[in-house]
Amino acid sequence: ERDVLVRQLTPFVRIDGSLIKFDQYSEAKRLKVLKEIETTERSESQILEIKRRNKIDGFLDQAKEAHKRGETSLTIEIYGEILKQDPENVLAWLNMGNVFKGMKRFGAAEIAYKRTLEINPFYLYGNIALAQLYLASKAPEKALDVLRSVRKWHSGDSEVSLYMGLAFAFQKKADLAIKEFQNAIRIDSEFGLPYYYTGVQFFSSRPNISKKNLKKFLVLSS
């Protein structure tokens, strides 16, 4: 996440006066301006915001650890606390959706994922998570709606092709499914899952092609 990286790097930032040009100023004035810049301190509001964001980062870490320990209720509670302090924290909404999906609380997961996309419609992970949810809840047509929307602004993603292929497979549209799986392989030849699902699609009709793809999947997965 860009904002996390910025906050982590901020304490190490130093101003390099040689990069700043004041051709219209005298040497004495230029040195005075540089000195003022180098001694500039953050405002109180900036410091408070950095502290607030660092606190939220700490909560995100706590939620992650709680989830690893299998403490689902505590995980949801921590994400709820984050969202009280930062209602538009996309990562908290996404992760909470993932927790709900793992609990098979698909309605709650859908609300969380949709909230990520209300905040940022171009959040790729949120779009893919919502499409995965629709596939898990046996609603491939909804998954296709999400993924087709993504393709309007992001056409070259192997995961988008993979999940479109799965949606078509659920609809028994084998030709379209295979086309999407092969497109995913063209985009990223080291992505294993499209080989697996291609092998599954060809399992009965073309066993040699199926075997070749399944072998490739095993190689990439080992």
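Cut-offs applied
- Residues numbered from 1 in each chain as written.
- Predicted model: local features only at pLDDT ≥ 70, side-chain atom pairs only at ≥ 80, totals over all residues.
- Heavy atoms only, no water.
- Salt bridge = Lys/Arg side-chain N within 4 Å of Asp/Glu carboxyl O.
- Buried < 20%, exposed > 50% of the residue type's maximum accessible area, 1.4 Å probe, protein only.
- Helix = DSSP H or I, 4+ residues; strand = E, 2+ residues; numbered from the N terminus.
- Expected span 1.5 Å × (residues − 1).
- Contact = heavy atoms within 4.5 Å.
- Axes fitted to C-alpha atoms, helices over the stretch in contact; angles between N-to-C directions.
- Parallel < 35°, antiparallel > 145°, perpendicular 65-115°, else oblique.
- Left-handed = near helix turned anticlockwise from the far one by under 90°.
- Nonpolar A, V, L, I, M, F, W, Y, C, P; charged D, E, K, R; others polar.
- Core = buried A, V, L, I, M, F, W, Y, C linked by side-chain atoms within 4.5 Å.
- Phe/Tyr/Trp six-rings, centres within 6.5 Å; stacked < 30°, edge-to-face > 60°.
- Polar contact = N/O pair within 3.5 Å; in protein donor to acceptor, adjacent residues only side chain to side chain.

> Please explain the pattern of salt bridges as it appears in this structure.
Between side chains of opposite charge, a pair can form as their charged atoms come close. Per the counting criterion, the structure on display carries 5 salt bridges. Residue Arg 69 pairs with Glu 71 through a salt bridge whose shortest N-O separation is 2.7 Å. The class for Glu 71 is partly exposed, based on a relative accessible area of 32%. Residue Glu 180 is joined to Arg 151 by a salt bridge in which the shortest nitrogen-to-oxygen separation is 2.6 Å. You can see Glu 180 sitting in helix H10 (residues 174–187) and its partner Arg 151 sitting in helix H8 (residues 140–151), a full 29 residues away along the chain.

> What exactly am I supposed to notice about helix H7 (residues 124–136) here?
A turn of α-helix holds 3.6 residues, and therefore any two residues three or four places apart point the same way. The end-to-end C-alpha distance of H7 is 18 Å, a good match for the 18 Å that 13 residues give at a rise of 1.5 Å each. Within H7, the full set of buried residues consists of Leu 124, Gly 126, Asn 127, Ile 128, Ala 129, Leu 130, Ala 131, Leu 133, Tyr 134 and Leu 135. In this structure, the buried residues of H7 make contact with helix H5 (90–102), helix H6 (106–119), H8 and helix H9 (158–170). Remark: Lys 138 follows H7 within two positions and exhibits a positive phi of approximately 60 degrees.

> Is there a simple way to think about the packing of H7 against H8 in this case?
Working note: a packed helix pair is described by the angle between its axes plus the distance between those axes. In contact at an axis separation of 7 Å, H7 and H8 are set at 160 degrees when each is read in the N-to-C sense. In terms of orientation, H7 and H8 fall into the roughly antiparallel class. For the crossing formed where H7 meets H8, the hand is left-handed. On the side of H7, the interface is formed by Leu 124, Asn 127, Leu 130, Ala 131, Tyr 134 and Leu 135, while H8 contributes Pro 140, Lys 142, Ala 143, Val 146, Leu 147 and Val 150. Across the contact of H7 with H8, the residue classes break down as 10 nonpolar, 1 polar and 1 charged.

> Sorry, what's going on with the nonpolar core here?
As a rule of thumb, nonpolar side chains are buried together in soluble globular proteins. Counting residues in each nonpolar core, the largest one holds 47 residues, and the members touching the most others are Tyr 79, Ile 82, Met 96, Tyr 113, Leu 130, Val 160 and Tyr 163. Of all the secondary-structure elements, those providing two or more residues to this core are helix H3 (44–68), helix H4 (72–85), H5, H6, H7, H8, H9 and H10. Leu 130 has contacts with Glu 110, Tyr 113, Lys 114, Leu 117 and Val 146, leaving out every residue within four places of it along the chain.

> Any chance you could explain unusual backbone geometry here in plain terms?
Only a minority of non-glycine residues have a phi that is not negative, and only a minority of peptide bonds are not trans. Here the phi dihedral of Lys 138 falls at roughly 60 degrees; this positive angle occurs in a residue that is not glycine. Assignment of secondary structure puts Lys 138 in the loop between H7 and H8. The exposed category is assigned to Lys 138, whose relative accessible area is 75%. One non-glycine residue, Lys 172, adopts positive backbone phi at about 65 degrees. Structurally, Lys 172 is set in the loop between H9 and H10. In this structure Lys 172 comes out as exposed when scored by relative accessible area, which is 74%.

> What exactly am I supposed to notice about the packing of aromatic side chains here?
Aromatic rings considered in pairs are described by the distance between their centres and by the relative angle of their planes. In the structure shown here, the tally under the stated rule is 5 aromatic pairs. Ring geometry for Phe 122 against Trp 153: centres 5.2 Å apart, planes inclined by 85 degrees, an arrangement best described as edge-to-face. Placement of Phe 122 in the loop between H6 and H7 and of Trp 153 in the loop between H8 and H9 is noted, with a sequence separation of 31 residues between them. A residue is classified by how much of its surface remains accessible, and Phe 122, at 53% relative accessible area, is exposed.

> Quick question: what am I supposed to make of H9 here?
Between the first and last C-alpha of H9 there are 19 Å, a value that for 13 residues agrees with the 18 Å anticipated at 1.5 Å per step. For H9, a buried count of 11 out of 13 residues is recorded, marking the element as mostly surrounded by other parts of the structure. At its buried positions, H9 is contacted by H7, H8, H10 and helix H11 (192–201). The N-terminus of H9 is capped by Asp 157, whose side-chain oxygen sits 2.9 Å from the backbone nitrogen of Glu 159. Phi turns positive, to about 65 degrees, at Lys 172, one or two residues after H9.

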